[in-house]
Each structure stands twice: as structure tokens, then as C-alpha cells.
Amino acid sequence: MTYTIASSKLGVIGEPFIPADGINVAALLSGGFIVEQSTPKPKKPAKTSTDTNEEI
Amino acid sequence: MATSTYLSNPLVTVNSVDLTDQTSSANLTRVIEALESTSFGKTARVYVGGLENSTLTLTMYNSFAATETYATLAALVGTSTTVTIKPTSAATSATNPVSTLTGCYLETLPIINAALGALDTIDITFTGGVYSVATS
């Protein structure tokens, strides 16, 4: 999970936020200081049709 | 002997949030509990160092505006966090070291401390945690 800064009291708005040791991330989220950024899922590979008919 | 003038103007962060502009007093005290080890034959009490139990007490202006005092502290009561303080807002250096309490505990949070014609101020105390100091 990644976080983005949403308040200038924490840093530059829009920059990624990497919590240091001991930082209470839940409190920052509930206070509106950071927003959660969901990590994009990797694209699924395109489906390819497999010809299972064997030619004899 | 040289003397220096030091104007108190510290930079304070609570849970990474810069609350300098809401803080009017800060008092960081490093405490290492004294364990008495006086034994028979001694003529004075003697002690050895026990567990560290430092405290940071802040006096803050209460503000319920977005991302201000209340928003920072409300979810921290009863939990541990990290606080930092350094003498001035200048870059961290040997003459402006940053002190950190990692994993300190906020036990109480006054919600309202109102008096007619006065600003709402609160005193909060962070207790415990690991003390460290950095000069760069």
C-alpha cells in the first residue's frame, strides 16, 4: 500500500508519503493528512486460443 | 567565558505532522529511572539506571480546523507514535540537533479547555518511547 501527502503540514501535497518508524498511519489517514493509493494490478496477459485438435 | 543568547523557537512534529504553529511551549525531559542499589555498609544511597521513560510535554492551541491540532491528536490517544523536536527550524546540524521519541504513548487528550475571552489551549504529554538524537 502506498500513501500520498494531502496536507502541507506533512510535506508537499501530492508527493508520496513513506512512514518512518513508529508513525501511526491510521491516525494520519483518519485526520486527512494522507490518502491511500492503491497499487495498480499487473495487466493480465491477453487470452490466446489454443488449438487442441490434433491433425492426424 | 563566552556566552550565547538562545531564543526558544523550536520545531515540533507529532506523528510527522508539523504543529510548530500551534505550539507555544515544549518541554522534553530525558528520564532514566533510578533503581536503588544501596547495600549494607554504605553511608549514602546509591542508584543504578533502570528503564528509560522520557517525556515530552506540549502546550498547544486547540484548533478543530482541518489538519490542525485536533485532527492530528484525536486518533493518537491510547496509541504510540513518534514525536520530534529541534531547537530551531534551521537545518539539522550539530548545533541544531533533532531529538526524537519513537514509540511514545499519548495517554490523555483534553478536548475542550475553554474560558471566556481566552484562547483554547491544551497540555499534552507523550511518555516513554526510545530517545534518539540526530545531528544530520
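Let us look at the structure shown here.

Criteria and thresholds
- Residues numbered from 1 in each chain as written.
- Chains lettered and ligands numbered in written order.
- Predicted model: local features only at pLDDT ≥ 70, side-chain atom pairs only at ≥ 80, totals over all residues.
- Helix = DSSP H or I, 4+ residues; strand = E, 2+ residues; numbered from the N terminus.
- Buried ≥ 20, exposed ≤ 12 C-beta atoms within 10 Å, placed from the backbone.
- Contact = placed C-beta atoms within 7 Å.
- Core = buried A, V, L, I, M, F, W, Y, C linked by C-beta atoms within 7 Å.
- Nonpolar A, V, L, I, M, F, W, Y, C, P; charged D, E, K, R; others polar.

Before going further, it helps to examine the overall build of chain B. Helices and strands together make up the secondary structure of chain B, namely 1 helix and 10 strands. Its helices and strands in sequence order give chain B the pattern β-β-β-β-β-β-α-β-β-β-β, from N to C terminus. The principal-axis extents of the C-alpha atoms in chain B amount to approximately 60 × 40 × 30 Å. Across the 136 residues in chain B, those meeting the buried criterion constitute 21%. Put simply, of all contacts in chain B between residues at least 6 apart along the chain, 61% involve residues at least 24 apart.

The next subject is the nonpolar core. If you look at the biggest cluster of nonpolar residues, it comprises 23 residues, and the most contacted ones within it are A:F33, A:I34, B:L56, B:V83 and B:F126. Secondary-structure elements contributing two or more residues to this core are α1 (25–30) of chain A together with β1 (11–14), β6 (55–61), β7 (80–86), β8 (98–106) and β9 (121–127) of chain B. Residue contacts for A:F33: discarding those within four places in its chain leaves A:A6, A:S7, A:K9, A:L10, A:L28, B:V17 and B:T67.

Among the secondary structure elements, A:L28 is positioned in helix α1. Each C-alpha atom, one on A:L28 and one on A:E15, is 15 Å from the other, the two residues being 13 residues apart in sequence. Excluding its chain neighbours within four sequence positions, the residues that come into contact with A:L28 are A:F33, A:I34 and B:N15.

So, about the interface of chain A and chain B. Size of an interface: often given as the accessible area lost when the parts come together. In this assembly, 15 residues from chain A lie in contact with 16 residues from chain B. Here the side of chain A that touches chain B is built from residues that sort into 7 nonpolar, 6 polar and 2 charged.

So, on to unusual backbone geometry. Residue and element names in this part refer to chain B. The phi angle at N15 is positive, at roughly 55°, despite the residue not being glycine. Among the residues examined, N15 registers 27 C-beta atoms within 10 Å and is labelled buried. Despite not being glycine, S16 shows a phi value in the positive range, around 80°. Residue position: S16 is located in the loop between β1 and β2 (17–18).

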